[in-house]
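Results of the structural survey
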Amino acid sequence: MDIIGAMCEPKDGIQSLLVLASASPRRKSLLTLLGLPFVVHPADVEEVNHAGEGPGAMAVRLSATKAGAVSAAVPGNVVIAADTLVYLDGEVLGKPADEDEAIEMLRSLRSRPHVVFSGVTLIDGRTARQRTELATTMVQMRCYSDDEIAAYVSSGDPMDKAGAYAIQYCDFRPVERVEGCYANVMGLPLCHLYNLL
């Protein structure tokens, strides 16, 4: 049996579940690629930046906080949590509050590079062992038009995404080049998660 398969093996006669601490459809799709059965239990954590906290530290802290909250809610299971941030010009771009903010974010990102940070935390609730990794990816956006932005925003797709975009959205295709993990930009860096498992 491989190490991933062993993660949810019974200990003391108790079968544990693999729990994804996120309602994100992208994270669910990515985790499915590993071929592991899992359940979803979203974390209810306020995503705020602490004074003087860099984006990498923020992503790591938030992923650990989400994992801890869900592990406490469903004890004895193996919990995976992630937090993804878009960082441009010294500012963290979260999810847009409305369409106007989504348009503003996409205009600010256009034709420019930015960095995507994802913290990924794994907690084994049977042993209380916790591990976290940070993934960093540089993303170069293409020179898309205002009309393309308007069409994309009207689709509703950017509203639940950090930086107001999805790298995998076929009709918009906002990204010109990626240096690093593509899955990280989608919200769950699978290589880092595999290492944690």
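Right above here is the structure, for reference.
Computed from a prediction, not measured in an experiment: that's the story for all the values here.

This part is about the environment of Gly 94. On the secondary structure map, Gly 94 appears in the loop between β4 (91-93) and α4 (99-109). Sequence separation between Gly 94 and Glu 179 is 85 residues, and the spatial gap between their C-alpha atoms is 21 Å. When residues no more than four places from it in sequence are discounted, the contact partners of Gly 94 are Met 105, Lys 161, Ala 162, Gly 163 and Ala 164.

It is worth spelling out the side chain of Arg 27 at this point. Tracing the chain through its elements places Arg 27 in helix α2 (residues 25-32). Buried within the structure, Arg 27 lacks any salt-bridge partner; its nearest side chain of opposite charge belongs to Asp 83, at an N-O separation of 5.5 Å. Apart from the residues within four sequence positions on either side, Arg 27 is in contact with Leu 20, Ser 22, Ala 82, Asp 83, Thr 84, Gly 187 and Leu 188.

Scanning the model with the defined rule gives 13 salt bridges in all. Note that Asp 146 is salt-bridged to Arg 107, the shortest N-O span being 3.4 Å. Note that Asp 146 is positioned in helix α5 (residues 146-154) and Arg 107 in helix α4, a separation of 39 residues in sequence. Judged by its relative accessible area of 37%, Asp 146 is partly exposed. Here Asp 146 ties to Arg 110 by a salt bridge, and the two come within 2.8 Å at their closest N and O atoms. Taken together, the positions of Asp 146 in helix α5 and Arg 110 in the loop between α4 and β5 (113-124) put the pair 36 residues apart, joining distant regions of the chain. Arg 110 sits in the partly exposed class, given a relative accessible area of 21%.

Basis of the calculations
Residues numbered from 1 in each chain as written. Predicted model: local features only at pLDDT ≥ 70, side-chain atom pairs only at ≥ 80, totals over all residues. Heavy atoms only, no water. Helix = DSSP H or I, 4+ residues; strand = E, 2+ residues; numbered from the N terminus. Contact = heavy atoms within 4.5 Å. Buried < 20%, exposed > 50% of the residue type's maximum accessible area, 1.4 Å probe, protein only. Lys, Arg positive; Asp, Glu negative; His and termini not counted. Salt bridge = Lys/Arg side-chain N within 4 Å of Asp/Glu carboxyl O.

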